[in-house]
Amino acid sequence: GSAVAKIIGNNVKKLQKFASTVKMWVFEETVNGRKLTDIINNDHENVKYLPGHKLPENVVAISNLSEAVQDADLLVFVIPHQFIHRICDEITGRVPKKALGITLIKSKVMENGLLFKELLQTPNFRITVVDDADTVELCGALKNIVAVGAGFCDGLRCGDNTKAAVIRLGLMEMIAFARIFCKGQVSTATFLESCGVADLITTCYGGRNRRVAEAFARTGKTIEELEKEMLNGQKLQGPQTSAEVYRILKQKGLVDKFPLFTAVYQICYESRPVQEMLSCLQSHPEHT
Ligand SMILES: *[C@@H]1O[C@H](CO)[C@@H](O)[C@H](O)[C@H]1NC(C)=O
């Protein structure tokens, strides 16, 4: 969120078409005895979540959500997807009617997409507008499950080829899931965009889902314990998403067709041995 606020703050200073102040809603917390919003507004640095990077002074941190959105023309949502319902409930009726919104885990319609591209693009933050919002959104969520699987492979010291096979199966399940559950046409080309295969690779080699999953396989601690130890208690997206996806697959009788998503869920939450991660490579679901 702070990284994007930095980009937008600099862009609106350069381009005359946008309002000059960027209000950034910040969940208030105390850091080194000071309020995080005070630190950001006085020192222009989010010392907790983006240390070492100065924010432009036109980025103003606000802890009151209603106040942050009340005069907004454009809203940029940068929050874990679990919070979207609560946040939207809270701002309902408080946002100007004409305001446009985008979330960085979801995309929007084409004409607004181009407007947001202007707001967000920089020479080293390239934007591609893709006309397939549901698929982009699903890629952003589902890749985290695959990353947990990839992290299990790392923890089991499986080797590069096995890990690549897991990532490949994960991508196939992402495509199959999108084909079944998206309303519109699902284009394979979308998976070749940054939001698809590129983001998947990054997440499966860097990323905290992979890192915590590796520790899970090595140490035998629970996901919850590792979240406390490694992430200051913040929740991992991958395991939670696997639970949401598993519930849907079960309801639709599709569990057998998604062996990787299912294995990740069962290992995280149903005490299935992590070694069985690899058994999903032996089942060959017919994805058409
Ligand atoms: C938050 O801001 C709104 C709108 O400005 C105001 O009505 C409300 O009292 C504020 N809430 C708090 C807790 O300060």
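Scroll up to find the structure this text is about.
Residues numbered from 1 in each chain as written. Predicted model: local features only at pLDDT ≥ 70, side-chain atom pairs only at ≥ 80, totals over all residues. Heavy atoms only, no water.

### Some points on helix α9 (residues 194–205)
Here's step 1: Residues Cys195, Gly196, Leu200, Thr203 and Cys204 constitute the buried set of α9. Buried residues in α9, looked at end-on, bunch into an arc of 120 degrees, giving them a common side. Away from the buried face of α9 by more than 90 degrees, exposed residues Ser194 and Thr202 are located.
Here's step 2: Note on α9: the residue one or two positions beyond its end, Gly207, has a positive phi of about 75 degrees. (Buried < 20%, exposed > 50% of the residue type's maximum accessible area, 1.4 Å probe, protein only. Helix = DSSP H or I, 4+ residues; strand = E, 2+ residues; numbered from the N terminus. Arc of directions from axis to C-beta.)

### Re unusual backbone geometry
Here's step 1: In this structure, Asn32 is a non-glycine residue whose phi angle is positive, near 50 degrees.
Here's step 2: Within the element layout of this structure, Asn32 appears in the loop between β2 (30–31) and β3 (34–35).

### Focus on the site of the ligand
Here's step 1: The immediate surroundings of the ligand are formed by Asn64, Glu67 and Gln70.
Here's step 2: Asn64 is positioned with one of its side-chain polar atoms (N or O) 2.4 Å from an oxygen atom of the ligand.
Here's step 3: In this structure, an oxygen atom belonging to the ligand sits 3.4 Å away from a side-chain N or O atom of Gln70.
Here's step 4: Protein contact buries 32% of the 360 Å² of open area that the ligand shows by itself. (Near = heavy atom within 4 Å. Polar contact = N/O pair within 3.5 Å; in protein donor to acceptor, adjacent residues only side chain to side chain. Areas by Shrake-Rupley, 256 points an atom, 1.4 Å probe, with all protein chains shown as cover.)

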